[in-house]
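Each chain, written out:
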2 protein chains.
Amino acid sequence: MDGGIITKKPSVTSSQVAEHAGVSQSAVSRTFTPGASISPKTRAKVLAAAKELGYRPNAIARSLITSRSRIIAVVMAYLENLFYPDVLEELGRRLAAENYHVLLFTGFMDRDSDPVFDQLMQYRVDGIILASTSLSSQLSEECTVAGIPVVLFNRTTEKAAASSVTTRNREGGRLLAEFLIAGGHKSFGYISGLENSSTNRDRLIGFREGLKAGGFSKIEVRTGNYNRADAEAAARELLSLPKRPQAIFVANDHMAVAVMDVARYEFGLTIPKDLSIVGYDDVGPARWPSYGITSVTQPIMPMAEATVDILMDQIASGEIEPQHRVIPGELIVRTSARLPKTGIVERDGVKFYKSAATR
Amino acid sequence: MDGGIITKKPSVTSSQVAEHAGVSQSAVSRTFTPGASISPKTRAKVLAAAKELGYRPNAIARSLITSRSRIIAVVMAYLENLFYPDVLEELGRRLAAENYHVLLFTGFMDRDSDPVFDQLMQYRVDGIILASTSLSSQLSEECTVAGIPVVLFNRTTEKAAASSVTTRNREGGRLLAEFLIAGGHKSFGYISGLENSSTNRDRLIGFREGLKAGGFSKIEVRTGNYNRADAEAAARELLSLPKRPQAIFVANDHMAVAVMDVARYEFGLTIPKDLSIVGYDDVGPARWPSYGITSVTQPIMPMAEATVDILMDQIASGEIEPQHRVIPGELIVRTSARLPKTGIVERDGVKFYKSAATR
DNA sequence: CTCGATCTTGCATACGTATGCAAAGATTGC
DNA sequence: GCAATCTTTGCATACGTATGCAAGATCGAG
C-alpha cells in the first residue's frame, strides 16, 4: 500500500470563495445547491469569485453531508459479449443525463463477486445495476435494509427483492422453434449459456415448448458458457454427431457468430443450406452481412431506459418495492436460417417473422 | 432534480462499532487502516463487533479525510470500437487489483467533453485515463496544478503535460506499406479515423513513408471517423473509383470489418483475390475466420499494464512528470490480403510479417 | 528493579460541505 | 406608515472517518 504524499496545490474550498466574495460559506453552498434560496446579487458575487479562484465543488464532501453520492454501481463481470458494451454506453449516457455517474466493476470473470460487492457498498452508492451476474439473498437483503435500489439487467430472480428489466426470453425461444419448424427443419440443437442464468433457462424452456408444440421432443444440448471458446467447442461437438442437427439455436449472438465460424471454416458447411443457425439479442456482429444472424432482438435503448427509470423512481421516492419491466423483442430475419413460406413481414426494409398466433 | 428522502436504516458507523467493542472510535479506524498501530487483542474485539453489526467502512468519509478517493476516472467517448471494451475490462481488472475503482464516463460521442471533465474533477479522482479523447491545454494545466496524474491511452499530445501509452503507429503504417508492396500491390487506398487523432495521423504518415520508399506516392484517402457507418460510406467511395485501389489500409479494425462487408456483399469482390484489406489493432472480430484481417496488433495487456503502472507510480510518488510508454506491435498475417513471397514467419501456429530490415 | 525505547490508546480536531434555525432585511397590502 | 409575510443570511453544527499528540502500557537491556 502506498504511503507517499502528493505535493500539489489543494483544491479551492467554499470557505475561500466565501472570503473572496465577502459572504458566508453558507451562501456559497446555497449558490451551488439547486433550489436553495440565494439572492441574484449574492449569487453573482459568489459565481464571480468561484470562477476567479477556479473553484469546483467537492462531490465527496457533499456526498457525506447529503447521504447521496450520485454514484450508480454497474456490475458487469465481463465485456466480451458485445451486447454489454452497448448497454454500458447507453446506461452511461442516460445516467449522466440525470447527473449520476457510473462506478464500474468489471473484469472478474473468474473471481468471486463478493469483494466487488464489499467495495461498492463502501462507496455508499445510490443504486446498483447488475448485468450478467447475480445477487445472493444475503446481499440482496442488505441492500433492502439499506434502502439501496438494485436493478437486475437481463436477469430475473425468484427472490423478488431486486427489480429487473428483461425481455420475453421464453416467448422468444418458442417463436424461434416455430420459425425453424415452419422452415422445414426436423432436428435441432441448442447451445446454452450459463446454467445458472435465468435468460438461458427461459430461452431453452421456450424452445422446448415450441418444438413440442410442433411434434418434436428431442434437442441436442451443449453448453457454451456465453463465451467464444466454449461455444466453438460446443459447436464442434454438435456438428460431429452422427446425425447432425439441421438447425442450431445458440443462446446468444456472441456465441452464434462463433458457431457459424466453426460450421463454415472447420466443417465446410454452407449456411443456411447445410445448417441453419439462429441466435438471441441481435448484437453488433450478428447484423453484419458476413454473419446475418436471424435473431430475437433485445432492444438496448428501451431496456436501458427502463433500467434508469426504475432507479430514478426508486431513488426519488425512497420506495424500493421491486419493479419488473419486460421489454418485447422481435424475431428479425436475416440470412443464417432457412425461411418458412409464410409469416415473414417486411418493415422499413427489415424482415421479421410473426407467429401464426399473432399474425 | 429529486428532493425525496430515502427511508432506510442508516449505515453502521465506526462510533457504533467502538461502543459495541468497548474501545474508542480511533481504535476502530486504526483497525481498518492498513499499517496503523493496533494490538491483536483490540483488533479482534473490533472485528467481532464490526461483523456482528454489519459495519462497512465509509469510503466517502475516508476520501474526505485522506484526500484520496481511490477512484480513477476513465473517459471513453464510445465503446462501439470493440477494442475499447477489451481495454476497459483489462483496466478495471488491474485497477481493482490495486484497490482502485473505475468511474466511467462514456456515451458522449456527439457532445462536448467539458461537462465530463467538470464532473470527474468534482469527485476528486486520484487519476484520469483518457481513451479516444483528448485534453485541452487549459484542463491539462489544471490537472498538473492539482497534482492529478493523467494518462492518455492510445493517444499522444504535443503539450507534454500528460503521460501516454501508445504503440508504434508510424512504424506500423510503414510496415503495412512494405507488406502490401511485397505482395505485389500497385495502387492503394486509406480509410482514416478521426482527423484530430494522433494515432490516425501517425498511421497515415507511416503508410505514406513506406509507400514512398517503395516508389509509390499516390494514396486515395477517405475518412471513416472510426465508426462503422462512415467507414462503409468511405469504402463505397473508394470501391467506386474508376481505378479501384488494389489494397486498402483501414485505420482500425473496427472499420476494416465494415469495409470488408461492403466489398464482399455490395461490390461482390473476393478477398484477397480482388482486393486486399489490412487494418490496425487486431480487435476481436478481426481475428474471426469470417474476416481474418491482416493487422498490426495493439497488445491490450501490456498497454493496460503500462497505463496502470504509470498511474500507480505517479500517485505513490506524487511526481507527475509525464511518462511515455511505447508498446511494440506486430503485423499478424491472416487471410485478408495477398501475401508476399518472403518475410512471413510462423510462431505458435500464427503467421507474422517481418520487415526486411528486421529479419 | 530501573530506565529508556517502543507500542498502544483515546482525546481533540480537521476534512469541505449542507442545513436547521434565528435574526435581519425586503416586500406587499391595507 | 405599519403590520404581516416572505426571503435572505450567517452561525453553529453535523456528516463519518483519519490522524497528531500526549499519556499510559509494555518490553528489553543493564
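## Some thoughts on the protein's contact with DNA strand C
Of all residues adjacent to DNA strand C, which total 24 residues, the nearest are Ser14, Ser29 and Ile65 of chain A together with Thr42 and Ile65 of chain B. Take the atoms of DNA strand C that sit within 4 Å of the protein: sugar and phosphate atoms are 62% of them. Asparagine 58 of chain A places a polar main-chain atom, nitrogen or oxygen, 3.1 Å from a phosphate oxygen of DNA strand C. Looking at the surface near DNA strand C, the elements that each hand over two or more residues are helix H2 (25-32) and helix H4 (59-66) of chain A together with helix H2 (25-32) and helix H4 (59-66) of chain B. A breakdown of the residues in the surface near DNA strand C according to their chemical character gives nine nonpolar, 13 polar and two charged.

## Observations concerning the layout of surface pockets
A volume near 590 Å³ is recorded for the second largest pocket. Together, 24 residues line the second largest pocket, and Asp86, Glu89, Gly284 and Arg287 of chain A together with Glu80 of chain B are the ones closest to its centre. Secondary-structure elements contributing two or more residues to the lining of the second largest pocket are helix H5 (83-97), helix H12 (284-287) and helix H13 (300-317) of chain A together with helix H10 (228-239) of chain B. For the lining of the second largest pocket, the element with the most residues is H5 of chain A, which contributes five residues.

## A closer look at the sheet that holds strand E13 (residues 344-347) of chain B
Residue and element names in this part refer to chain B. In space, the eight strands of this open sheet follow the order E7-E6-E8-E9-E10-E12-E14-E13, with mixed pairing throughout. Looking at which strands have only one partner, the edges of the open sheet turn out to be strand E7 (219-223) and E13. Neighbouring strand axes in the sheet, compared pairwise and without regard to direction, differ in orientation by 25° on average. In this structure, strand E10 (residues 294-297) lies alongside strand E12 (residues 331-333), joined through two bridges in antiparallel fashion. Pairing of serine 295 across the sheet is with isoleucine 332, part of E12. Where helix H11 (residues 253-266) meets the sheet, its contacts fall on strand E6 (188-192), strand E8 (247-250), strand E9 (276-281) and E10, and the angle it forms with E9 comes to roughly 160°.

## So, unusual backbone geometry
The omega torsion across isoleucine 271 of chain A and proline 272 of chain A is 0°, close enough to zero to call that bond cis. Mapped onto the secondary structure, proline 272 of chain A falls in the loop between helix H11 (253-266) and strand E9 (276-281). Unlike most non-glycine residues, aspartate 282 of chain A shows phi in positive territory, near 55°. As for its position among the elements, aspartate 282 of chain A is in the loop between E9 and H12. Phi is positive for serine 67 of chain B, which is not a glycine, with a value near 55°. Tracing the backbone through its elements, the reader meets serine 67 of chain B in the loop between H4 and strand E1 (71-76).

## A closer look at the interface of chain A and chain B
Counting residues at the interface gives 70 residues for chain A, matched by 70 residues for chain B. Of the roughly 6,500 Å² buried at the junction of chain A and chain B (both faces included), carbon and sulfur atoms supply 56%. Linking chain A with chain B are four salt bridges. Among the salt bridges present, the one from aspartate 118 of chain B reaches arginine 56 of chain A, with a minimum N-O distance of 2.6 Å. At the boundary of chain A with chain B, the tally comes to 36 residue pairs in polar contact (both at pLDDT 80 or more).

## Digging into the pairing of strand E7 (residues 219-223) of chain A
Residues and elements named next belong to chain A. Judged from the five bridges that link them, strand E6 (residues 188-192) and E7 form a sheet pairing that is parallel. For isoleucine 191, the partnering residue across the bridge sits in E7 and is arginine 222. The parallel pair E6 and E7 is bridged by helix H9 (residues 198-213), and the resulting crossover is right-handed.

## Here we look at a negative patch on the surface
Residue and element names in this part refer to chain A. Judged by side-chain charge, Glu98, Glu305, Asp309, Asp313, Glu319 and Glu321 come together as a negatively charged surface patch. Tracing the backbone through its elements, the reader meets glutamate 98 in the loop between H5 and strand E2 (101-106). Taking the relative accessible area as the measure of exposure, glutamate 98 reaches 37% and is therefore partly exposed.

## Let's talk about the confidence of the model for chain A
Residue and element names in this part refer to chain A. Confidence along chain A averages 92 in pLDDT terms, with 96% of residues attaining 70 or more. Per-element averaging of pLDDT across chain A places helix H7 (residues 137-146) at the bottom with 84 and strand E8 (residues 247-250) at the top with 98. This model gives residues 1-6 a pLDDT under 50, and the stretch forms 15 contacts once residues within four places in sequence are excluded.

## Side note on the protein's contact with DNA strand D
Taken together, 24 residues sit near DNA strand D, with Ser37 and Thr42 of chain A together with Ser14, Ser29 and Ile65 of chain B positioned nearest. Near-protein atoms of DNA strand D (within 4 Å) split between backbone and bases, with sugar and phosphate holding 62%. Here a base nitrogen of DNA strand D and a side-chain polar atom of glutamine 25 of chain B are 3.0 Å apart. Among the secondary structure elements, those contributing two or more residues to the surface near DNA strand D are H2 and H4 of chain A together with H2 and H4 of chain B.

## Concerning the side chain of glutamine 298 of chain A
Residues and elements named next belong to chain A. Tracing the backbone through its elements, the reader meets glutamine 298 in the loop between strand E10 (294-297) and H13. Looking at glutamine 298, its side chain comes within polar contact range of the side chain of asparagine 154, at 3.4 Å. Separated by 3.2 Å, the side chains of glutamine 298 and threonine 167 make a polar contact. If sequence neighbours within four positions are ignored, glutamine 298 has contacts with Phe83, Asn154, Thr167, Asn169, Arg203, Tyr280, Asp281 and Met303.

Rules behind the numbers
Residues numbered from 1 in each chain as written. Chains lettered and ligands numbered in written order. Predicted model: local features only at pLDDT ≥ 70, side-chain atom pairs only at ≥ 80, totals over all residues. Heavy atoms only, no water. Near = heavy atom within 4 Å. Polar contact = N/O pair within 3.5 Å; in protein donor to acceptor, adjacent residues only side chain to side chain. Helix = DSSP H or I, 4+ residues; strand = E, 2+ residues; numbered from the N terminus. Nonpolar A, V, L, I, M, F, W, Y, C, P; charged D, E, K, R; others polar. 1 Å grid on protein atoms, 1.4 Å probe; cavity = no way out; pocket = protein on both sides within 12 Å on 5 of 7 lines; lining within 4 Å. Points joined across faces, edges and corners; volume = space filled by probe spheres on them. Pairing = 2+ DSSP bridges. Axes fitted to C-alpha atoms, helices over the stretch in contact; angles between N-to-C directions. Contact = heavy atoms within 4.5 Å. Buried area = accessible area lost by both parts, 1.4 Å probe. Salt bridge = Lys/Arg side-chain N within 4 Å of Asp/Glu carboxyl O. Right-handed = clockwise from strand over helix to strand, strands pointing away. Patch = residues over 30% accessible without salt bridge, like charges linked within 9 Å, V, L, I, M, F, W, Y side chains within 5 Å. Areas by Shrake-Rupley, 256 points an atom, 1.4 Å probe, with all protein chains shown as cover. Lys, Arg positive; Asp, Glu negative; His and termini not counted. Charge placed at Lys NZ, Arg CZ, Asp CG, Glu CD. Buried < 20%, exposed > 50% of the residue type's maximum accessible area, 1.4 Å probe, protein only. pLDDT = per-residue confidence, 0-100.

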